[in-house]
Amino acid sequence: LQSSIASASVAFARSINTQRNTVLPEQVDYLIVGAGATGFAFADTLLHHSAPSTSVLMIDKNSSPGGQWVDSYGFVRLHQPSDMYGVETMKLEPSGEDCSAAKNGEEAHRATRVEILEYYDRVTKVLEEKYDFHFVGDTAFDVSQLDEEEGEEIVVEEGASTDLHQHYRYKLPGGRSIMAKKIVDARYLQPDLPIHVPPKFKFPEVINVVPVNTLAETDKLKQQQSETKHYVIIGAGKTGMDAIVHLIQHEHVNPDNILWIVPNEAWITARENIGSFAEFLHECTELQKKNDLANNGRGNIESEDFFQRGFLEWEKKGKVYRFDEDILPTKFKDATLSKSELALIKTVKRVVRNGRVESIDDEGTIHFAGGTTMSLPWSSSSTADTTFVHCSAGAFNYSKQTKKPPPIFSPHRISVQDVYGTPGFCFVGSIIGKLESLGTKFTDAEKNAMCAAPIPNPSSSPLGPSGGDIGVISTSHGYVQRLSNLNRWLKVPEIRNWLVGH
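The rules we used
Residues numbered from 1 in each chain as written. Predicted model: local features only at pLDDT ≥ 70, side-chain atom pairs only at ≥ 80, totals over all residues. Heavy atoms only, no water. Helix = DSSP H or I, 4+ residues; strand = E, 2+ residues; numbered from the N terminus. Contact = heavy atoms within 4.5 Å. Areas by Shrake-Rupley, 256 points an atom, 1.4 Å probe, with all protein chains shown as cover. Buried < 20%, exposed > 50% of the residue type's maximum accessible area, 1.4 Å probe, protein only. Pairing = 2+ DSSP bridges. 1 Å grid on protein atoms, 1.4 Å probe; cavity = no way out; pocket = protein on both sides within 12 Å on 5 of 7 lines; lining within 4 Å. Points joined across faces, edges and corners; volume = space filled by probe spheres on them. Nonpolar A, V, L, I, M, F, W, Y, C, P; charged D, E, K, R; others polar. Axes fitted to C-alpha atoms, helices over the stretch in contact; angles between N-to-C directions. Salt bridge = Lys/Arg side-chain N within 4 Å of Asp/Glu carboxyl O.

K.L.:
How would you explain the overall build of the chain if you had to name every residue and give the values?
P.N.:
Within the chain, the regular secondary structure consists of 13 helices and 19 strands. For the chain, restricting intrachain contacts to residue pairs at least 6 apart in sequence, the fraction spanning at least 24 positions comes to 76%. For the chain, the computed accessible surface area is about 23,300 Å², with 50% contributed by carbon and sulfur atoms.

K.L.:
Lay out the pairing of strand β12 (residues 331–337) in plain terms, naming residues and giving numbers.
P.N.:
Of all seven residues that make up β12, six are buried, and the element is covered over most of its length. Here strand β10 (residues 266–270) runs beside β12; their pairing, made up of four bridges, is parallel. Bridge assignment links alanine 270 to a residue of β12, and that residue is leucine 337.

K.L.:
Tell me what's going on with empty space enclosed by the protein, and back it up with residues and numbers.
P.N.:
Over the atoms a probe the size of a water molecule is rolled, and this reveals where empty space is left. Applying the stated criterion across every chain yields a total of one cavity of 30 Å³ or more. A volume near 30 Å³ is recorded for the largest cavity. In terms of lining residues, the largest cavity is bounded by Ala236, Met241, Trp260, Val262, Asn264, Glu265, Ala266, Ile268 and Phe323. Grouping the amino acids of the lining of the largest cavity by side-chain chemistry returns seven nonpolar, one polar and one charged.

K.L.:
Which residues make up the sheet that holds strand β7 (residues 208–211), and what values go with them?
P.N.:
If you walk across this open sheet you meet the five strands as β7-β17-β8-β9-β13, and the pairing is parallel. On the outer flanks of this sheet lie β7 and β13 (350–352), each paired with one strand and no other. Sheet twist, expressed as the mean angle between neighbouring strand axes with direction ignored, is 20 degrees. In terms of strand pairing, strand β8 (residues 230–234) meets strand β17 (residues 386–390) through five bridges, oriented parallel. Across the sheet, residue isoleucine 233 finds its bridge partner in β17, namely valine 389. Each of β8 and β9 (258–261) touches helix α6 (residues 238–249); the most contacted strand, β8, lies at about 160 degrees to it.

K.L.:
I'd like to hear about the pattern of salt bridges, residue by residue, with values.
P.N.:
Under the defined criterion, the tally for this structure stands at 16 salt bridges. The partner of glutamate 341 in a salt bridge is arginine 110, and the shortest N-O contact between them spans 3.6 Å. Taken together, the positions of glutamate 341 in helix α9 (residues 339–346) and arginine 110 in the loop between α3 (68–71) and α4 (113–130) put the pair 231 residues apart, joining distant regions of the chain. With a relative accessible area of 14%, glutamate 341 lands in the buried category. Given a relative accessible area of 5%, arginine 110 falls into the buried group.

The structure is reproduced here in structure tokens:
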């Protein structure tokens, strides 16, 4: 598996333009770590709404911009229409494209991985031309130095107040360093990708386990197809769904030759009828009122029924799907499918819902965390003709974040976190950039009060965290936090006008 990961990384790196600036400015106002969706959205909005003299350096461990898209599997596309993604000042969808609805029965534009990488390449060039903005790739950053306040060299500009205009020196690889007034950690929301996060389950070398990226490598796939008769897809998130669609639709694999391991059942967002979290909360609240009346005012709002009633009602309205009408999903991660994709995935009849995979033995027998086991279902199958596809990284488990997150805003640091969710992390970066562009209008404490965000729960399981629980309504629930944040933003005239204008 490790060799597959390494070769896949090399293949992706070769497909991307690496002719980039490597010269660091001596000092900047903002050092942004991470050249993905949140980092670019923050930089674009900040520069667009700040003084022309504002300077930004963006660095990334990859040689080219694009964040997770640099390492994502080749057949990945946006879950949702392109007009829900990208930076404030540049559209992702092609000029003249109507993404708000399908036209002539065709699906609205959803950008491919290649289109997104090309888009961020264009965004980089425009920002460098219009503003004091620099992107430097192949530059890793040790985030631990952010927690080491003492020992950093501080340079104070002559005549400037020390509380607002200090520069901190940050160490970079190769003996380099950069002075910045603020550092923006735009990597906090980086997803776990199978190409970087190995499987948590154990398996011997004789078992062929590959990351989903390998399915997009044509030469390797052709070699595998000459040897592989069967595929076991491990993981029930959007990555696993994409793998199944790709194998059936593009590689013409017989659905009977696919086994899908589904640890948890999840509600699926219907791409044809995407609703907002605010609409969903309203639906749940109205249903709760009806439930209270039916129970003489004794309904329990603090139960999972509050959200489940909403999902069941949205299922009737065609806003969400599920794979099995006899199973009530317990998860929701906003994975999005069209009706045609849903129907295609449903052609896979070998679906196993025994929980999470703990190990695979030499004979290909799958051992589950709950103690059950199962052999490969094909009578003529052997481990030699079966490929196990690792889709179980859990994209939004944020396994790299092992500590309680810092405040989003602090004197010399901004940590971009999930203050809104859908329509995506682009908006999250943009709204935090907009708040920062307001300068001293608000204190850090006041800005943090407008930016509640979920705190990841560290997992004690050897199989890692399992996110996406529907949960019960509370002030710490992501939906409630988003609504609270939105209400606070709308009370600020500058933000309200900005939001309404978009």
